[in-house]
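Close look at the chain arrangement
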Amino acid sequence: MKQKNNASIFLVLLMAFAFIACNTEAKKDELIKVEGVKIENPSMPAYDAAMDPVTVEGKFAKIHADSLGIKLYEVTLQPGDSVGIHNHPDNIIYVLEGGTGVLTLKDGSTQAVEFIKGMGILGGPATHSGKNTGATTIKLLVADIYRPRD
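Summarised in this report is the structure supplied together with it. (Residues numbered from 1 in each chain as written. Predicted model: local features only at pLDDT ≥ 70, side-chain atom pairs only at ≥ 80, totals over all residues. Heavy atoms only, no water.)

A few words on the side chain of Asn 132. Looking at the secondary structure, you find Asn 132 in strand β10 (residues 126-132). Separated by 3.0 Å, the side chain of Asn 132 and the backbone nitrogen of Gly 134 make a polar contact. Ignoring any residue separated from it by four or fewer positions in sequence, one finds Asn 132 in contact with Leu 77, Gln 78, Pro 79, Gly 80, Asp 81, Thr 100, Gly 101, Thr 137 and Ile 138. (Helix = DSSP H or I, 4+ residues; strand = E, 2+ residues; numbered from the N terminus. Polar contact = N/O pair within 3.5 Å; in protein donor to acceptor, adjacent residues only side chain to side chain. Contact = heavy atoms within 4.5 Å.)

Hydrogen bonds between backbone groups are what pair the strands of a sheet, and the pairing can be parallel or antiparallel. The strand order across the open sheet formed by four strands is β5-β10-β7-β8, and the pairing between neighbours is antiparallel. Both edges of this open sheet fall to β5 (82-88) and β8 (110-115), since each of them pairs with a single strand only. Along the sheet, successive strands turn relative to each other by an average axial angle of 30°, direction set aside. As judged from the five bridges shared by β5 and β10, these two strands associate in the antiparallel manner. Directly across from Ser 82, in β10, lies its bridge partner Lys 131. (Pairing = 2+ DSSP bridges. Axes fitted to C-alpha atoms, helices over the stretch in contact; angles between N-to-C directions.)

See the structure below:
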């Protein structure tokens, strides 16, 4: 029960951070300084319903909420399951059950990923497909944040 409460508190804190970030983001053409490294603030891709993660992930996704420009859903991938290419806007991911996988980016390059139970990930716009390459079920709680960027 304590672990479930901790996960809930963590998720609430992440969501609060997302709402605060909506009002304090850098301008589109501005560079953001992160730990001494300058990176560009990517623009938000145009919404394409056919590339929506929940549409593409269909049988693997369960929507919990879709309101105020935020879609909260759970993704469950059994070993060997894969999802087609899809777009994420700004997003928050909380790992409910961990495992290993491979993400294939839109340019065809691949990236091995290890999801550790209890891990939180904050991400910007991304286009990729994914596959559970491990022997365990991966379960993620994802919040996609559909908000305009200046």
